[in-house]
Amino acid sequence: MTDTLRPLDPYVVLEVAASVTEDELRAAYLRKVREFPPDRAPEQFERVRDAYDRVRSPERRARRWIEEPGCGCFVDLLDELPPRRIHTGPVPWLEVLRGR
Amino acid sequence: MPRRRRNRKRAATIRGDRRGTRSSALAPPDASGEATSTIAGPPQQGAHELEAQVEDLLARGISTRALAIAKGLHRSAPSEASRTLLIRSYLARAEALAAKGLDREAIALLELLEQNHAEARDPVRSLRLRFAVKGREVDDAVAPLADPDLAPATREEIEDAIRKHLCDPSALASAASLPENHPLRRAAGAITDALARVTTRSVTDVEVALPEVSRRSPLAPWKLLVRALAAFYRCEDEECERSLAAIPTDSAPARLVPELRAMTAAVAPAAPTRLYNRVLGRPDKLRSALGRLDAAFAAEDPFEVPHNIEAAVRQVRSEAPELLERLLQWIEIYAIVHMFDPEWIEHMIGRAPKRDAGYLRRLAKSIEGAPGLPHAFAAPVWISFLKAAVAEGQLASEGLEAAAIYRHTASLLEGYAADEIEELFREAKDLDPTQRSQPGGRRSARGRRSRGAKASTSSTSEHRARDPLWLHARACEWDSSPDGFRAWIESARSRGDDKQMERAAEAWTETHPNDPHPLLIRMQSAESRGALRKALGFLEQAAQRNPLDSSVLHARRRLQIKTAQRHLAGNKPKLLAGDIAALEQTIAELGSKESMDSHLALSALRCAHAALAQDPAGFRLHQDALSQEVGDARAAELLLRAVARLDLRRGKEGAEPGHRRTRSSKKSAQGTDASLLDGAARVCSLCRALELDVEFMETEVRSLCRALRGTIAETLESGALCALAECALQGGEQQLAYLASHAGLARRDAYGARFLLLRGRSLEGFDDERALCCVDAVIALAQRDRNARLLDDAVDVRRDLSDIWSEGPQPSAHPEAVFDAELEHQRPPQNRRGAHPHGSGCPCRRCELQRGGRGHLDLEDEDPVEDLDLSVSFLASIEGAPVAKLQGLPPRLMRLLLEAAMKYGATPRHIPWMSVVAERNPELHAKIRAEVAVCLSSLAPT
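If you're wondering where the values come from, they're calculated on a predicted model, not measured in any experiment.

## Quick look at the overall build of chain A
Across its full length, chain A holds 5 helices and 0 strands. Element order for chain A, N to C, with α for helix and β for strand: α-α-α-α-α. Burial analysis of chain A (100 residues in total) assigns 43% to the buried set. When contacts within chain A are restricted to residue pairs at least 6 apart in sequence, those whose partners lie at least 24 apart make up 55%.

What follows is the structure in structure tokens.
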């Protein structure tokens, strides 16, 4: 699985705290859907929908508490890193052009 | 030093060939092309061959050797062609130097070339312009553009060089040779700003519109690059790709196109570039550090673990500090589950991790998944999790989620007695860092104070949380789904707590007044207590709610049979006649819903009624009818014993003994093993449905075993064969169950896993290890086939076979292999464990001791000798053994051995040498020996 396709913590994907209310959760989901509409960013939309699906109701949240695994391998920790596009400034990009 | 000499020296230095062509390369080309040094190529080769060789080397980008050969060729046979080739070789060499970043050296080489070969002036100028634009001498290169009367060809040449080779627009933006308001300089400045903006924060296209850069500008490709970068950072990969596709392939920014495409690709490249790693933050070093930590924990290597913990923590701190807290949490959880000393680990990582709800949930799940720990150890951690999650506001204290956690916790505690649960909670305190007492220090004192303050309020609820039934009751208050009530009732049933069953069913009825099922459960409960009148009352209530529910009708039929049995036992023929009539009506109502031979039970009751009413003719008539219906007289007897047991016993003792026995033996003689097997299977199916016990006679068992060993069973339905095996197990006839399971296994049909479970149950007490193997295989098959009922049954059997300290179910990786292996074993095991024959050659310790030997130590054959030597030899026998293999030891002893393993074992999961324990911790050693002695003395003789 690539970095961009790994299932992340649903609250991280939706950018809300775990203690959020259901209304706030839904609002966050709708905000994210507007940010990543399915026709323009299908991968991100899929990720957002999956995240919301996992936490949208108390039953699903309960299932998540009980069924999601404990600690996997330490390497799995890297899955928790959100996909990053780091703003590095222009220098690294220009270095490639300069052939360095 | 004059500039020319300096440049010559520099060029000589750069052109040096490590492989011995230094002299030829060093020699500057003179006007005639003569040189004194030898050429690198073979002298006897023809000019054309050498020319072709040079062309080939140039095409392959090997400029050093191409230049050496071209120079030699031009010296030995100067011509216009050789001169052209030489100039091309020099230019190629200069380009190669520039490509390595040695721009000044390249320019020096070009100066030398220009001095010696006037024909090279134009290409040299072009190349110098290119180098100047690419490097820091943009100022000089673009200076002619300030002249408004510049020849169009020259302007075009400069702009083309800018388009193709400008690597840093900021150099052009600051070119002092152009006026500040020059369009090119202004465009370069705008691009520099835009580039800085898009690479430092997320921007919109409007923010980087760059109206200063026209489509015809030599900087137009840069505008496209800026747009691509802006889209890339906004994660609009399609937009990014559109901009990348528009960048001309020969322009300078085109060099970033493959990099950006790799970054937006779904699959990471095999060899990511530096820029790729930097922008996407691919933590390769961190990944390998974490991988090494995984390996160290997997090997449980006490030397590698600390070293790798330090390395991983260091790497996370530098590369992904946002992961640090999670890493520390995982390290502590790993330490707990792998039985490393958590305090030692905490000391090593520098501080305790944040023990929040997420941490506790992971800890609980990790304990559940740890092969060496009972799952029930996770129960107190789940309770701690719930408290933490409520405190953090992640879930409501009395909601569906809390109910689910309570039910899960209760399920972990199922099968344990109250005192065992107390013991578990005591032991599990060491696993839960939030519960663990912390020795010494300010923090510990503060912890004690805070704990003391809360103790009075929380102790009662904490204590209650150890009771699975209390947990179920609370869960049903918050989540009133029927499944929750069902789980509560099942839990109460498994604990034999009728009051709780009643309470659960009452609560269920309160919340779901129209559901007949809780009333049926209450009916069953009353029925099991013998309160048939009350049971019928519940049945009527259930029937009022849903009279057509088949479960109500089935329950009524069963209850009517039970009532009839009672009247039969009470010698009340009139009441029995009424029961029979009512049963006839119920069976008629069931009609097409009837799925079993209820009429057989009816016939048996009629037969019993005739016997009770002292009606020999009627008895004969009904018995014959029953025999014909069942198909075998002995099977009919089996049914009569099950349905009308008391009456027949009385008959045997008094009223109609001779008559009945004569007829029965006559019929028995007439029946065959095949008809008995067929009839018995039908009777067993019926009795299973009616919850009646089947009692087999020894002669019947012999006949049935004989029939099952042959091929007669092949015609039997698998369901009926299953019922026969179940009834045999219920009646304690394990050999009969074993053979029935074998006949079932041989069919390899959909009942295969069920027969394998029956095989496992039939082995219980004979070969427990094999029994466990069968049950684990069934668990694997049930999980694979998603057969929840079979899985529940198998887990129940597994729980009965194992005990508190044993590992949880270990689903077999190859259940089919177990299936095949069991199919090979047709002959049932003969010797039950504990009924050891102790023959003359018996190798067990008891027999060896009786023969005068010292005897080996086997826990199963252990003698209850109150001899300390025995405890010493027991301890010697387990030294070095894996902790997980020591199943069945008393909890207190197991706890001491775990402590010794953690502190002094070769790994924390292996029992240490007792001499080491005695030397390092005499107190612990004495405790272990004393506990072993106590355990041995409490063992009953076997």
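Having put the structure on the table, let's press on.
## Considering the overall build of chain B
Within chain B one finds 49 helices and 0 strands. Looking at chain B residue by residue over its 942 residues, the buried ones come to 49%. Across chain B, the fraction of contacts at a sequence separation of at least 24, relative to all contacts at a separation of at least 6, is 63%. Of the accessible surface of chain B, which amounts to about 44200 Å², a share of 50% is contributed by carbon and sulfur atoms.

## Here's the deal with helix α42 (residues 768-785) of chain B
Residue and element names in this part refer to chain B. Between the first and last C-alpha of α42 there are 25 Å, a value that for 18 residues agrees with the 26 Å anticipated at 1.5 Å per step. If you check which residues of α42 are buried, you get Arg 770, Ala 771, Leu 772, Cys 774, Val 775, Asp 776, Ala 777, Val 778, Ile 779, Ala 780, Leu 781 and Ala 782. Against the buried residues of α42 lie α40 (734-745), α41 (752-763), α43 (788-801) and α44 (815-824). Once α42 finishes, Arg 786 follows within two positions and takes phi at roughly 55°, a positive value.

## A closer look at the pattern of salt bridges
All names here are of chain B. For the coordinates displayed, the defined rule picks out 48 salt bridges over all chains. For Arg 88, the salt bridge identified is with Glu 55, shortest N-O distance 2.8 Å. With a gap of 33 residues between them, Arg 88 in helix α5 (residues 80-99) and Glu 55 in helix α3 (residues 47-59) connect regions that are remote in the sequence. A relative accessible area of 38% places Arg 88 in the partly exposed class. For Arg 748, the salt bridge is made with Asp 820, and the minimal N-O distance between the two is 2.8 Å.

## Things to note about the interface of chain A and chain B
Taken together, the contact pairs 42 residues of chain A with 69 residues of chain B. Between the two partners, chain A and chain B, sit 4 salt bridges. Its salt-bridge partner being A:Arg61, residue B:Glu401 comes within 3.3 Å of it at the nearest N-O pair. Seen at the junction of chain A and chain B, the total is 17 residue pairs in polar contact (both at pLDDT 80 or more). Broken down by secondary-structure element, the contributors of at least two residues to the side of chain A that touches chain B are α4 (58-67) and α5 (91-98) of chain A. Counting residues per element, the side of chain A that touches chain B draws most heavily on α4(A), at 8 residues. Here the side of chain A that touches chain B is built from residues that sort into 20 nonpolar, 8 polar and 14 charged.

## Regarding the packing of aromatic side chains
Within this structure, the stated rule accounts for 15 aromatic pairs over all chains. Centroid distance A:Trp93 to B:Tyr233: 6.4 Å. Interplanar angle 80°. Geometry classified as edge-to-face. Of this pair, A:Trp93 sits in helix α5 while B:Tyr233 is found in helix α12 (residues 220-233), placing the two residues in two different chains.

## A word on unusual backbone geometry
Residue and element names in this part refer to chain B. Of note in this structure, Asn 571 is not a glycine but carries a positive phi near 60°. Given a relative accessible area of 41%, Asn 571 falls into the partly exposed group. For Gln 614, which is not glycine, the phi dihedral falls at a positive 55°. Secondary-structure assignment places Gln 614 in the loop between α32 (598-612) and α33 (616-630).

## As for the confidence of the model for chain A
Here chain A averages 80 in pLDDT, while 89% of its residues score no lower than 70. When mean pLDDT is compared element by element in chain A, helix α2 (residues 22-35) of chain A scores highest at 89, while α4(A) scores lowest at 81.

## As for the nonpolar core
Counting 84 residues, the largest nonpolar core has B:Leu639, B:Phe696, B:Leu708 and B:Leu724 as the members making the most contacts within it. Residues B:Ala296, B:Ile309, B:Tyr406 and B:Leu471 belong to the second largest nonpolar core, which totals 74 residues.

## Digging into helix α13 (residues 237-246) of chain B
Residues and elements named next belong to chain B. Turning to α13, its buried residues number three or more, namely Cys 240, Ser 243 and Leu 244. What you see down the axis of α13 is that its buried residues fit within an arc of 100°, all on one side. Turned more than 90 degrees off the buried face of α13, the exposed positions are Arg 242 and Ala 245. The secondary structure elements touched by the buried residues of α13 are α12 and α14 (257-264).

## A closer look at the packing of α42(B) against α43(B)
All names here are of chain B. Running from amino to carboxyl end, α42 crosses α43 at an angle of 155°, the nearest separation of the two axes being 9 Å. When the interaxial angle is binned, α42 and α43 end up roughly antiparallel. In the crossing of α42 with α43, the sense of the turn from one axis to the other is left-handed. Where α42 abuts α43, its residues Asp 768, Ala 771, Leu 772, Val 775, Asp 776, Val 778, Ile 779, Ala 782 and Gln 783 lie against Leu 790, Leu 791, Ala 794, Val 795, Val 797, Arg 798 and Leu 801. Taken together, the residues of the contact of α42 with α43 break down into 12 nonpolar, 1 polar and 3 charged.

## Looking at the environment of B:Ala817
Mapped onto the secondary structure, B:Ala817 falls in helix α44. Using a relative accessible area of 45% as the deciding quantity, one classes B:Ala817 as partly exposed.

## As for the packing of α40(B) against α41(B)
Residues and elements named next belong to chain B. In the contact formed by α40 and α41, the axes pass within 8 Å of each other and the chain directions differ by 155°. Overall, the two elements α40 and α41 adopt an arrangement that is roughly antiparallel. The handedness of the crossing between α40 and α41 comes out as left-handed. In contact with Gln 734, Ala 737, Tyr 738, Ala 740, Ser 741, His 742, Gly 744 and Leu 745 of α40, α41 contributes Gly 752, Phe 755, Leu 756, Leu 758, Arg 759, Arg 761, Ser 762 and Leu 763. Per-class residue counts for the contact of α40 with α41 are 8 nonpolar, 6 polar and 2 charged.

## A word on the environment of B:Ala298
All names here are of chain B. Considering the arrangement of structural elements, one finds Ala 298 in helix α16 (residues 284-299). On the basis of relative accessible area, Ala 298 is assigned to the exposed category, the value being 62%. Once the C-alpha coordinates of Ala 298 and His 338 are considered, the two residues, 40 residues apart in sequence, prove to be 8.8 Å apart.

## A short note on the environment of B:Thr264
Residue and element names in this part refer to chain B. Examined against the element boundaries, Thr 264 turns out to sit in helix α14. Sequence spacing of Thr 264 and Glu 241 is 23 residues, and the spatial spacing of their C-alpha atoms is 8.7 Å. Side-chain polar atoms of Thr 264 contact the backbone oxygen of Arg 261, separated by 3.2 Å.

## Focus on the side chain of B:Ser63
Residues and elements named next belong to chain B. Looking at the secondary structure, you find Ser 63 in helix α4 (residues 63-76). Within the structure, the side chain of Ser 63 is placed 3.5 Å from the side chain of Arg 93, a separation counted as a polar contact. Those residues within four positions of Ser 63 in sequence are excluded, and the remaining contacts are Ala 92, Arg 93 and Ala 96.

## Describing the confidence of the model for chain B
Residue and element names in this part refer to chain B. Residues at a pLDDT of 70 or more form 80% of chain B, whose mean pLDDT is 77. The low-confidence segment residues 437-457, where pLDDT is below 50, has 11 contacts with residues more than four positions distant or belonging to other chains. Every residue in residues 833-850 scores below 50 in pLDDT, and together they form 36 contacts with partners more than four places removed in sequence or on other chains.

Procedures and definitions
- Residues numbered from 1 in each chain as written.
- Chains lettered and ligands numbered in written order.
- Predicted model: local features only at pLDDT ≥ 70, side-chain atom pairs only at ≥ 80, totals over all residues.
- Heavy atoms only, no water.
- Helix = DSSP H or I, 4+ residues; strand = E, 2+ residues; numbered from the N terminus.
- Buried < 20%, exposed > 50% of the residue type's maximum accessible area, 1.4 Å probe, protein only.
- Contact = heavy atoms within 4.5 Å.
- Areas by Shrake-Rupley, 256 points an atom, 1.4 Å probe, with all protein chains shown as cover.
- Expected span 1.5 Å × (residues − 1).
- Salt bridge = Lys/Arg side-chain N within 4 Å of Asp/Glu carboxyl O.
- Polar contact = N/O pair within 3.5 Å; in protein donor to acceptor, adjacent residues only side chain to side chain.
- Nonpolar A, V, L, I, M, F, W, Y, C, P; charged D, E, K, R; others polar.
- Phe/Tyr/Trp six-rings, centres within 6.5 Å; stacked < 30°, edge-to-face > 60°.
- pLDDT = per-residue confidence, 0-100.
- Core = buried A, V, L, I, M, F, W, Y, C linked by side-chain atoms within 4.5 Å.
- Arc of directions from axis to C-beta.
- Axes fitted to C-alpha atoms, helices over the stretch in contact; angles between N-to-C directions.
- Parallel < 35°, antiparallel > 145°, perpendicular 65-115°, else oblique.
- Left-handed = near helix turned anticlockwise from the far one by under 90°.

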